[in-house]
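Fold and contact review
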Amino acid sequence: MNLSTSLECNKKEACRIFPVGKSFDLITRDLYLGRTKAWFLGINGMCKTEVLQEIFSDLQNPLYMKEDSIQDISLYMESKIGFAQAELTDDWDKIVFSVLSGPSVLFVDGFSSAILLDTRTYPTRSVSEPDTERVTLGSRDGFVETMLSNSNLIRRRIRDPRLTFSIKSIGTDSRTDVAIAYIDGYVDNVLLEKLHAHLDSLKVTSLTMGAKSLEELLVPKKWYHPLPSIQQTQRPDVACSYLMEGNLLLLVDNSPFALILPSTIFQFTQSPEDYYKSPIVGSYSRLLRFFCIFISLFLLPVFLLIGSYFPDIADTFSLFPVEQVSSSRLFMYTLFAELALDLFQYSASHSPSSYAGSVSIVGGLILSDVAIDLHWVSLEVMFYTAASMLSSLALYSTAFAEGLRCYRIFLLITTGVFGFWGFLIGSCLILLSILTTPSFAGKSFFWPLYPFNKQALITLFFRRPTYKAQPSNVWKRERKNP
């Protein structure tokens, strides 16, 4: 629907669309531009008041306004409004979307076009290091909830004119801004077209949880796929490294992290800490992290299997030397210890920082000691459970570690109920779940293992010096750019 040339008609239509006079954050102002009537509409708190005051002061200055009336609104905007971000529109849909996004609108009597003033500003927190992706060295900045600030953090690091941020609006109700970031010439153009088509075809009312909701819409998964299919990062340096490797980034307004496409299972084991240390130390940390995956997944189930069904092996290796416990009791011990330590971990992570240390000490020392005295758990079980948890905490991606925890609990249950065959069948089902984990656009979730790329696989396992590991030399994928 287009605007009317009558200012009163436009005001009535705006009051019909917006709750003017009912919602306190909507601000309006009747103005005179010379002898021409005008009406302003915006959202309080999302407009830069100082900029608007300067614009209106100039427009209402008699020395500045030599003409009594406005004859050509396009010429008037170009000659009288010195603000850089101003444009004309005659579309009500665009006006509604713009006002709800932050820009304000100025209706002028006698013209079927309105002036959009993009003086928006959003409340935002300061840039700080993400709690879940801390490093001992390196930058201390992280993404925030404002998409423009996040794009600026990326632009500071990659000063390439080919760096592009293509914006879209997702959700019929929320109309959430989503930006696709890529470097032209590095990106897979086929994958980029698929992403554009997928975002355009999404039928969703709102992205309730921001980037997380978009992730589930891009790669729908079954309940038996707990591992993440899309990598998230809150660090601009990590995001820029993937951009330089030809990946796509998705920045969602109101979300303090970026989605990386495509993603593989090996990306969840990478850490920027490896690149802020020497190559030999970084390689050691990386190999240790790979080893922690298997410890986190199999240590506790294997202990339960050997302690319950192979006591001779347990005595030989001193795995369970204190007392003879029935298989059912040992199963209850391990399950209780696993769930109890998970509870303590979640309590500490969601507690205020001033209480998190106290919760960890109480959970780790006092309650575990009491549980052993009450024979709810044994000392050996607590040791192996704590070792499994430490291995999980060593993994860089918390989403990947939580997926492994679900696999571990499932394997504990199958082993405790069905014994050796339960362990074997449970391991096969876990492997099948991992192998069938979906990825975006059908890309291989196990690249560079499949399809096999020896050079890239070696780089994943070993931290190479920077002068030998430039993206153009290492991350060569078979692309056919149209």
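From a predicted model like this one, the values you see are computed outputs, not experimental measurements. (Residues numbered from 1 in each chain as written. Predicted model: local features only at pLDDT ≥ 70, side-chain atom pairs only at ≥ 80, totals over all residues. Heavy atoms only, no water.)

It is worth spelling out the layout of surface pockets at this point. Of the pockets and cavities examined, the largest pocket occupies roughly 1600 Å³. Considering the residues around the largest pocket, the lining is formed by 50 residues, among which T132, Y396, S397, T398 and A399 are closest to the centre. Secondary structure elements with two or more residues in the lining of the largest pocket: α7 (211-218), β8 (231-233), α9 (279-309), α11 (327-350), α13 (379-394) and α14 (398-435). Considered class by class, the residues forming the lining of the largest pocket number 20 nonpolar, 15 polar and 15 charged. (1 Å grid on protein atoms, 1.4 Å probe; cavity = no way out; pocket = protein on both sides within 12 Å on 5 of 7 lines; lining within 4 Å. Points joined across faces, edges and corners; volume = space filled by probe spheres on them. Helix = DSSP H or I, 4+ residues; strand = E, 2+ residues; numbered from the N terminus. Nonpolar A, V, L, I, M, F, W, Y, C, P; charged D, E, K, R; others polar.)

Once that is clear, we can look at the pattern of salt bridges. Summed over all chains, the structure comprises 14 salt bridges. The salt bridge involving E87 is made with K94; its shortest N-O contact spans 3.0 Å. In this structure, the salt-bridge partner of R286 is D274, at a minimum N-O distance of 3.2 Å. One end of the pair, R286, is in helix α9; the other, D274, is in the loop between β10 (258-261) and α9, and 12 residues separate them in sequence. What you see here is one network of salt bridges that share partners, running through D274, R286 and R289. (Salt bridge = Lys/Arg side-chain N within 4 Å of Asp/Glu carboxyl O.)

Pairing within the open sheet is antiparallel, and its five strands lie in the order β1-β2-β4-β5-β3. Two strands bound the open sheet, and with one partner strand each, they are β1 (26-33) and β3 (86-89). Strand-to-strand twist in this sheet, taken as the mean axis angle between neighbours without regard to direction, amounts to 25 degrees. Here eight bridges tie β1 to strand β2 (residues 36-43), and the two strands are oriented antiparallel to one another. (Pairing = 2+ DSSP bridges. Axes fitted to C-alpha atoms, helices over the stretch in contact; angles between N-to-C directions.)

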